[in-house]
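Survey of secondary and tertiary structure
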There are 4 protein chains.
Amino acid sequence: MEPRNPDYVRQVEDIFRKAAFVTDVGYELVRVTPGQVETRLTVRPRHLQQDDVIHMGVQATMADHTGGSAAGSLIAADQLVLTTGFTMNLLQAAVGEELRCRARVLRAGRTLSVVESEVYAVARGEEKLVSKATVTLAVLARKR
Amino acid sequence: MEPRNPDYVRQVEDIFRKAAFVTDVGYELVRVTPGQVETRLTVRPRHLQQDDVIHMGVQATMADHTGGSAAGSLIAADQLVLTTGFTMNLLQAAVGEELRCRARVLRAGRTLSVVESEVYAVARGEEKLVSKATVTLAVLARKR
Amino acid sequence: MEPRNPDYVRQVEDIFRKAAFVTDVGYELVRVTPGQVETRLTVRPRHLQQDDVIHMGVQATMADHTGGSAAGSLIAADQLVLTTGFTMNLLQAAVGEELRCRARVLRAGRTLSVVESEVYAVARGEEKLVSKATVTLAVLARKR
Amino acid sequence: MEPRNPDYVRQVEDIFRKAAFVTDVGYELVRVTPGQVETRLTVRPRHLQQDDVIHMGVQATMADHTGGSAAGSLIAADQLVLTTGFTMNLLQAAVGEELRCRARVLRAGRTLSVVESEVYAVARGEEKLVSKATVTLAVLARKR
């Protein structure tokens, strides 16, 4: 896939930096290529739901934001993306010391993008797919 | 709808209290009736995405946890609920000083429950529906 | 909700008439008001999945097309709607002599509409909610 | 993935043969391996929505039934699968002389399976991904 903004890496870094909630929860950007983004999270007690299970909201936020970043790697400098639809399947209980998310653009349309995000939990170094989401985003002109 | 646990209000309060992420983000329980739960969140700068828009993850976490609590109001004392599927439509940009979520059980099955969660943003006292989610939950026996 | 085309009833009838698959399966238009459409289907053996259960595809097609019709009741004469996203929860086995679907627009945007469709099975005169869908549609300019 | 029924191919053929709606619309089974199923449909005028576009319901029915068949390839002889949740993204207008669907089990649980189904339209021999669905199915004991 062809980025419309040659400076697409900085564009994605901006999407990350400007989102207070993403910084607050602790997600980190790992890798950006055109149409694909990887992120990570060091799991802390505050991310849990009960017992040792990581809250679904921590996974959903990660899948959404990483997906939006992947879509954002393909837009023009004067555009932005905004989630309009989100579906997620929780495949197994998310337990571990780290979460990793890999998002990949399925369709980069003129007005609508569709991205798939996979969330992996890493427990004692072993990575398991724990949830998978599809994010639909509107591609909009950025207001000056 | 008939609660299976006469002490269902405390059961829901427990689901809330035990979830570290829910406490961390700041959601509060407002009202619990059998099959229906309402929650609220005072919006802080840390909940935002960019400009003044509340992050989708803040809405998703709220819709999921309020939905799970509504399903949890109908289960037996030795059961628990776990989200297996989640779909959400973002209807308009969420802007305001407060979020409210109202969840209502659509189906309370023996092994599967389906709940609808509506998220409202309150701006200058006016409430607007900003997103709507459907949460699917597995009803499981609690491990001793 | 305000229809943009005063002749919105005929507009919806057109959406129905032109869809060969809808005619082929046998869906009928019952009622059209701005933002709301009701349809019905006389259940035949060809609509079944196994035993007496009505195939999920029969319900999905109905929810999608009734939803699209409801969105179509609010667009201008030179526009059309096209489904971009679809989510459905099957709440109980669909058994009966008739299916009814009621769709209601949740958001009628300039470029995106969101509609909820409820599917009811009627068995011996008694109506039960068997599935519920959310349809997301792009609002497009009709090509001449 | 390991099939629990050594005769899993016949099991899937049964799921296909017994579904009247699937036969009626014209879907054909192409290939069955454990956890993966491929189907096809020769597109006829009756499958269309308007102009030359294949109706979303034709794609949804195919994604659902092919997905259910993939899940069905992994269950025991005395079990059956039933769709409980379905999400689909329409990626581009489906136009062509043939539809192909490939489904792949993402999770084969004791009580819940999750399957991904991709639908391709073949126009003048060229295959394009037109929609992608996720099917959630309950795994149930077959009633005698």
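First, a word on what this report is: a plain description of the structure on this page. (Residues numbered from 1 in each chain as written. Chains lettered and ligands numbered in written order. Predicted model: local features only at pLDDT ≥ 70, side-chain atom pairs only at ≥ 80, totals over all residues.)

1. As for the sheet that holds strand β5 (residues 79-90) of chain A
The following threshold applies: Any two strands with at least two DSSP bridges between them are considered paired. Labels follow the DSSP assignment, with helices taken as runs of H or I lasting at least four residues and strands as runs of E lasting at least two, numbered in each case from the N terminus. Fitted lines through C-alpha atoms give the axes, limited to the stretch in contact for helices. The angle between two N-to-C directions lies from 0 to 180 degrees. We call two residues in contact when their backbone-placed C-beta atoms lie within 7 Å.
Here 12 strands make up an open sheet; going across it, the order is β1(A)-β2(A)-β6(A)-β7(A)-β8(A)-β5(A)-β5(B)-β8(B)-β7(B)-β6(B)-β2(B)-β1(B) and the pairing antiparallel. Both edges of this open sheet fall to β1 (28-33) of chain A together with β1 (28-33) of chain B, since each of them pairs with a single strand only. Between one strand and the next, the sheet's axes are offset by a mean angle of 25°, whatever the strand orientation. Bridge count between strand β5 (residues 79-90) of chain B and strand β8 (residues 126-141) of chain B: 11 bridges; the pairing is antiparallel. Residue pairing in the sheet places G85 of chain B in a bridge with T136 of chain B of β8 of chain B. Across the sheet, helix α3 (residues 56-72) of chain A touches β2 (36-42), β5, β6 (98-108), β7 (112-123) and β8 (126-141) of chain A together with β5 of chain B, and the angle it forms with β6 of chain A is around 40°.

2. Remarks on unusual backbone geometry
Rule in force here: To assign burial, the other C-beta atoms lying within 10 Å of each residue's own C-beta are counted, with C-beta atoms placed from the backbone; 20 or more indicates buried, 12 or fewer indicates exposed, and intermediate counts indicate partly exposed.
Positive phi, close to 50°, is recorded for D51 of chain A, a residue that is not glycine. Mapping D51 of chain A onto the fold places it in the loop between β3 (48-50) and β4 (53-54). Residue classification places D51 of chain A among the exposed positions, given that 10 C-beta atoms sit within 10 Å. Unusually for a residue other than glycine, R124 of chain B sits at a positive phi of about 50°. With respect to the element layout, R124 of chain B can be found in the loop between β7 (112-123) and β8.

3. Some points on the relation of the copies chain B and chain A
For clarity, the cut-off: Only residues with pLDDT of at least 70 in both copies contribute their C-alpha atoms to the least-squares superposition of the copies.
Turning chain B through 180° and shifting it by 0.0 Å along the axis lays it on chain A, with an RMSD of 0.0 Å. Considering both components of the superposition, the chain copies are consistent with a two-fold axis. Residue T87 of chain B of chain B places its C-alpha closer to the rotation axis than any other residue of that unit, at 2.1 Å. Residue by residue, 100% of the interface of chain B is reproduced at the interface of chain A, so both copies engage with the same surface.

4. Points about the sheet that holds strand β8 (residues 126-141) of chain C
If you walk across this open sheet you meet the 12 strands as β1(C)-β2(C)-β6(C)-β7(C)-β8(C)-β5(C)-β5(D)-β8(D)-β7(D)-β6(D)-β2(D)-β1(D), and the pairing is antiparallel. Sheet topology places β1 (28-33) of chain C together with β1 (28-33) of chain D at the edges, where each strand pairs with a single neighbour. In this sheet, neighbouring strand axes are inclined to one another by 25° on average, regardless of whether the strands run parallel or antiparallel. Across 10 bridges, the pairing between strand β6 (residues 98-108) of chain D and strand β7 (residues 112-123) of chain D is antiparallel.

5. Observations concerning the environment of A141 of chain C
All names here are of chain C. Assignment of secondary structure puts A141 in strand β8. Counting along the chain gives 65 residues from A141 to A76, while the straight-line C-alpha distance between them is 9.1 Å. Filtering out sequence-adjacent residues up to four positions away, A141 remains in contact with D78 and Q79.

6. Brief notes about the packing of helix α1 (residues 8-17) of chain D against helix α3 (residues 56-72) of chain D
All names here are of chain D. To keep things clear, this is the line we draw: For this classification, under 35 degrees means roughly parallel, over 145 means roughly antiparallel, 65 to 115 means roughly perpendicular, and everything else is oblique. Left-handed describes a crossing whose near helix is turned anticlockwise from the far helix by less than a right angle; the clockwise case is right-handed. When residue character is reported, Ala, Val, Leu, Ile, Met, Phe, Trp, Tyr, Cys and Pro are called nonpolar, Asp, Glu, Lys and Arg charged, and the others, Gly included, polar.
One can describe the packing of α1 onto α3 by two numbers: an axis separation of 9 Å at closest approach and a directional angle of 150°. By the angle class used here, α1 and α3 are roughly antiparallel. As for the relative orientation of α1 and α3, their crossing is right-handed in sense. Within the contact between the two elements, α1 uses Q11, V12, I15 and F16 and α3 uses G68, S69 and G72. Looking at the contact of α1 with α3, its residues break down into three nonpolar, four polar and no charged.

7. Some points on the environment of V43 of chain C
Residue and element names in this part refer to chain C. By secondary structure assignment, the location of V43 is in the loop between β2 (36-42) and β3 (48-50). The class for V43 is buried, based on 20 C-beta atoms found within 10 Å. Each C-alpha atom of the pair V43 and I54 lies 7.9 Å from the other, and the pair is 11 residues apart in sequence. Sequence-distant contacts of V43, defined by excluding residues within four places in its chain, comprise I54, G96, E97, E98 and L99.

8. Focus: the interface of chain B and chain D
With seven residues of chain B at the interface, the matching set in chain D holds seven residues. Within the residue set of the side of chain B that touches chain D, elements represented by two or more residues are β5 and β8 of chain B. In terms of residue count, the dominant contributor to the side of chain B that touches chain D is β5 of chain B (three residues). Counted by class, the side of chain B that touches chain D contains two nonpolar, five polar and no charged residues.

9. Some words on helix α1 (residues 8-17) of chain A
Residues and elements named next belong to chain A. Keep this limit in mind: For this quantity, the arc is that covered by the directions from the helix axis to the C-beta atoms.
Among the residues of α1, those classed as buried are Y8, Q11, V12, I15 and F16. Angular distribution of buried residues about the axis of α1 spans 140°; they occupy a single face of the element. Looking at the buried residues of α1, the elements they touch are α2 (20-25), β1, β2 and α3.

10. Quick notes on the relation of the copies chain B and chain D
Taken together, a rotation about one axis and a shift along it account for how the two chain copies relate. Relative to chain D, chain B is turned by 180° and slid 0.0 Å along the rotation axis, the superposed coordinates differing by an RMSD of 0.0 Å. Here 100% of the interface residues in chain B have copies in chain D that are interface residues too; the copies meet face to matching face.

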